[in-house]
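# Examination of the molecular architecture
Below are the chains, spelled out letter by letter.
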Amino acid sequence: MPNENIIESIVYPGSQSVTRRIIYQLNGRTVKLEIKSDSFAPQSYAKACVFDGTSWKDLYAIPYALMQTPPELLYTPRFCGRDYKNLTGAALQFVLDEFSADLDTLRTKAEAILFS
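Read on for a plain summary of the structure. The shown structure was predicted, so the numbers you read here are calculated from the model rather than taken from an experiment.

Reading guide: rules and limits
Residues numbered from 1 in each chain as written. Predicted model: local features only at pLDDT ≥ 70, side-chain atom pairs only at ≥ 80, totals over all residues. Heavy atoms only, no water. Helix = DSSP H or I, 4+ residues; strand = E, 2+ residues; numbered from the N terminus. Polar contact = N/O pair within 3.5 Å; in protein donor to acceptor, adjacent residues only side chain to side chain. Contact = heavy atoms within 4.5 Å. Pairing = 2+ DSSP bridges. Axes fitted to C-alpha atoms, helices over the stretch in contact; angles between N-to-C directions.

### Structural notes on the side chain of Arg21
The topology assignment puts Arg21 in strand E2 (residues 17–26). In terms of polar contacts, Arg21 uses its side chain to reach the side chain of Glu8, at 2.7 Å. Excluding residues within four positions of it along the chain, Arg21 makes contact with Glu8, Ser9, Ile10, Tyr12, Lys32, Leu33 and Glu34.

### Some words on the sheet that holds strand E3 (residues 29–38)
In a beta sheet, neighbouring strands are held together by backbone hydrogen bonds and run either parallel or antiparallel to one another. Here we have 5 strands laid out as an open sheet, ordered E1-E2-E3-E4-E5, and antiparallel in their pairing. Only two strands of the sheet have a single neighbouring strand rather than two, namely strand E1 (4–13) and strand E5 (56–62). Strand-to-strand twist in this sheet, taken as the mean axis angle between neighbours without regard to direction, amounts to 15 degrees.

The analysis is restricted to geometry; functional conclusions fall outside its scope.
Next up, the structure:
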């Protein structure tokens, strides 16, 4: 993508959730993409926001019922008990893959809204 600069790209656990967040700058705009897989599906979300200079403003959201990221990721055998701070290589890629479809949708929709 032209003029893209990644500011933050993290995966972190909550008490009953796993969240993937990317903050990047594109063509002078700061965008945040955030996906949360919660143990209670209605508390899961996937949203894109833009920073207006003082606060984050919602741009687009995928309703939890339409998310591709499965709920309860924290409790699946491949994630349970992992130390997210130290994930590398294939272990990290497994986590990132679970969020990839929704991340692609958020990115596409946010950029269409901002730059079309």
